[in-house]
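Each chain is listed here by its residues.
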Amino acid sequence: MVVGLDNGGTSNNATVLTVDGRFLVDGLLESPSEVQAGPQAAIEALADAFTGALASVGVTRDLVRAVGLDTPGPASAAGVISSRGSTNFSQPQWRGYDVRGALQQRLGLPVVYLNDGNAAALYAHQSHFGADAAHRSSVSVVVGTGLGGGLVEGGRVIAGAAGMAGELGHVQLPLTGLLGPGQPDPVCGCGFVGDAESVASLTGIARNLLPYWLTRFPGHPLATEPLARAAKLVRGLGERGDPLAREIFTQQAKAIGRLFTLVANLADPHAYFVGGGVVEAAPEFRDWFLATVREHTVLRKEQAAATFALVPERDMAGARGVALAALRVSSAPGR
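Predicted model only: the values in this text are computed from it and were never measured.

## Observations concerning the nonpolar core
The biggest cluster of nonpolar side chains holds 47 residues, and the ones touching the most others in it are Leu-210 and Phe-260. If we skip the residues at most four places from it in the chain, Phe-260 touches Val-139, Val-141, Tyr-272, Phe-273, Val-274, Val-293, Thr-297 and Phe-308. Residues Leu-46, Ala-49, Leu-103 and Tyr-113 belong to the second largest nonpolar core, which totals 29 residues.

This is the structure in structure tokens:
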């Protein structure tokens with residue numbers, strides 16, 4: 001068997017996959033990630049998640065062939081966090097930290113690494129295409145605290161030379177027509193101006209979108225809330241049709257549409273997947289959001305047969321995707 005560990009800003013999620021492709025964990029299996037307490041605490045939390053996953057399904061440690069790990073990027077293909085940090089690893093001690101190597105040493109088992117966007121992309125691709133996955137390509141974006149993403153070609157994640165391909169959140173977008181009157185150019189935590197994450201993410205709402213739209217809706221109830229809390233309330237208001245919230249999510253959908261337009265010209269995938277809270281919302285809101293994404297994705301006539309599909313069960317996608325990656329590596333000849 002292999003164990004998949006999905007590391008997030010607040011929680012770890014775990015799953016167990018048999019060599020014949022059966023996931024033994026149904027639903028979420030979450031535990032605190034402790035990433036804000038630093039690398040040592042976070043590695044111990046991942047080890048606890050590993051132990052807890054095995055205990056939950058009654059599997060002994062000696063049956064585990066490998067472990068799959070994903071974390072928020074950017075990180076190298078070997079699992080070394082970017083020297084500039086990342087969305088959830090902002091503290092200096094995380095910069096350049098070998099998270100894969102540290103977990104491998106702690107567990108004494110081979111650890112296979114993907115960033116969380118790539119892991120989600122791989123699971124979405126495999127789930128959607130099934131037996132045909134090895135003959136199809138796809139692009140995925142997952143809207144969360146940041147904007148994760150991934151490109152899959154022929155059933156395999158495109159990692160790139162440094163392991164940082166598919167960082168779709170940090171692709172810079174054309175801003176003309178995307179921003180409202182007098183709206184400042186959105187700035188991402190990575191330092192880029194006008195990348196996809198600066199608009200289509202929870203961080204983008206708090207940092208860039210909500211402060212502007214509150215000036216356009218004087219007296220809105222969110223104005224009395226702390227900005228971080230207000231940003232988390234926007235989706236619920238959007239589901240209920242609140243005009244300010246719908247303006248924010250319209251901008252996010254437009255940004256994703258522009259991102260897909262760029263990808264269509266770069267990679268021309270068979271399918272486009274959207275995941276995260278925006279598609280786990282109420283059906284009316286979800287359908288409205290995806291329709292807006294479609295409206296702002298410009299495809300040539302020959303590309304128009306490509307379909308949008310939802311990434312199911314966002315919080316399981318990372319753990320399951322990286323478990324699939326670990327299973328492939330551990331099943332390779334010579335392993």
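## Quick look at the packing of aromatic side chains
This model, assessed by the stated rule, comprises 10 aromatic pairs. Arranged with centres 6.4 Å apart and planes meeting at 80 degrees, the rings of Phe-249 and Phe-289 form a pair that is edge-to-face. Of this pair, Phe-249 sits in helix α6 (residues 243-266) while Phe-289 sits in helix α7 (residues 283-295), placing them 40 residues apart in sequence. Here the aromatic residues Phe-249, Phe-285, Trp-288 and Phe-289 are joined through ring pairs into a cluster of three or more. Over the face of the ring belonging to Trp-288 we find Arg-246, whose NZ or CZ atom lies 4.5 Å from the ring centre. Just above the ring of Phe-23 sits the side chain of Arg-320; from NZ or CZ to the centre is 4.3 Å.

## Here's the deal with the sheet that holds strand β5 (residues 111-115)
The strand order β3-β2-β1-β4-β5 describes an open sheet built from 5 strands, whose pairing is mixed. Every interior strand has two partners, whereas the edge strands, β3 (30-32) and β5, have only one. On average, each strand axis in the sheet is inclined to that of its neighbour by 25 degrees, with strand direction left out of account. Pairing geometry for strand β1 (residues 2-7) and strand β2 (residues 11-17), over 6 bridges, is antiparallel. For Val-2, the partnering residue across the bridge sits in β2 and is Leu-17. Its contacts with the sheet put helix α1 (residues 39-57) on β1, β2, β3 and β4 (66-71), and the angle it makes with β2 is roughly 40 degrees.

## Side note on the pattern of salt bridges
Enumeration over the complete set of coordinates arrives at 6 salt bridges. Between Asp-20 and Arg-22 there is a salt bridge, with the nearest N and O atoms lying 3.3 Å from each other. The exposed category is assigned to Asp-20, whose relative accessible area is 55%. The exposure class assigned to Arg-22 is partly exposed, which follows from its relative accessible area of 47%. Among the ionic pairs, Arg-229 bridges to Glu-225, the shortest N-O distance being 2.9 Å.

## Structural notes on the environment of Asp-70
Along the chain, the position of Asp-70 falls in strand β4. Not counting the four nearest positions on each side in its chain, Asp-70 is found in contact with Leu-5, Asp-6, Asn-7, Tyr-113, Leu-114, Asn-115, Asp-116, Ala-119, Gly-318, Ala-319 and Val-322.

## Points about α1
Its 19 residues give α1 an end-to-end C-alpha distance of 28 Å, which sits within 8% of 27 Å, the value for a rise of 1.5 Å per residue. Those residues of α1 that are buried are in contact with β1, β2, β3, β4 and α2 (99-107). Phi turns positive one or two residues past the end of α1, at Gly-58, with a value near 70 degrees.

## Describing helix α4 (residues 202-216)
In a regular helix each residue adds 1.5 Å, so 15 residues correspond to 21 Å; α4 covers 20 Å between its end C-alpha atoms and thus fits that length. At Leu-209, α4 is bent by approximately 50 degrees, the largest bend along its length, and proline Pro-211 sits one to four residues beyond. All buried positions along α4 are accounted for by Gly-204, Ile-205, Ala-206, Asn-208, Leu-209, Leu-210, Tyr-212, Trp-213 and Leu-214.

## Thoughts on the pairing of strand β7 (residues 147-153)
With respect to burial, β7 is a largely interior element, 6 of its 7 residues being buried. Across 7 bridges, the pairing between strand β6 (residues 137-143) and β7 is antiparallel. Along β7, the bridge assignment pairs Ser-140 with Gly-150. Linking β6 back to β7 in an antiparallel pair, the connection comprises 3 residues. By the bridge criterion, 2 bridges tie β7 to strand β8 (residues 156-157) in an arrangement that is antiparallel. Bridging across to β8, Glu-153 finds its partner in Arg-156. In this structure, the hairpin formed by β7 and β8 is closed by a connection of 2 residues, where Gly-154 is found at a positive phi of approximately 60 degrees.

## Points about the side chain of Ser-82
Tracing the sequence through the fold places Ser-82 in the loop between β4 and α2. Excluding anything up to four places from it in sequence, Ser-82 contacts Pro-74, Ala-75, Arg-95, Gly-96 and Met-164.

## A short note on the packing of α6 against α7
Two measures define how a pair of helices packs: the angle their axes make with one another and the distance between the axes. Packing of α6 against α7 leaves a shortest axis separation of 7 Å and a crossing angle of 45 degrees. In terms of their interaxial angle, α6 and α7 are classed as oblique. For the crossing formed where α6 meets α7, the hand is right-handed. In this structure, α6 contributes Arg-246, Phe-249, Thr-250, Gln-252, Ala-253, Ile-256, Gly-257 and Phe-260 to the contact, and α7 contributes Glu-284, Phe-285, Trp-288, Phe-289, Thr-292 and Val-293. Residue composition of the contact of α6 with α7, by class: 8 nonpolar, 4 polar and 2 charged.

So, how was this worked out
- Residues numbered from 1 in each chain as written.
- Predicted model: local features only at pLDDT ≥ 70, side-chain atom pairs only at ≥ 80, totals over all residues.
- Heavy atoms only, no water.
- Core = buried A, V, L, I, M, F, W, Y, C linked by side-chain atoms within 4.5 Å.
- Buried < 20%, exposed > 50% of the residue type's maximum accessible area, 1.4 Å probe, protein only.
- Contact = heavy atoms within 4.5 Å.
- Phe/Tyr/Trp six-rings, centres within 6.5 Å; stacked < 30°, edge-to-face > 60°.
- Helix = DSSP H or I, 4+ residues; strand = E, 2+ residues; numbered from the N terminus.
- Lys NZ or Arg CZ within 6 Å of the ring centre and 35° of its normal.
- Pairing = 2+ DSSP bridges.
- Axes fitted to C-alpha atoms, helices over the stretch in contact; angles between N-to-C directions.
- Salt bridge = Lys/Arg side-chain N within 4 Å of Asp/Glu carboxyl O.
- Expected span 1.5 Å × (residues − 1).
- Bend = angle between axes of the 7 residues up to and from the residue.
- Parallel < 35°, antiparallel > 145°, perpendicular 65-115°, else oblique.
- Left-handed = near helix turned anticlockwise from the far one by under 90°.
- Nonpolar A, V, L, I, M, F, W, Y, C, P; charged D, E, K, R; others polar.

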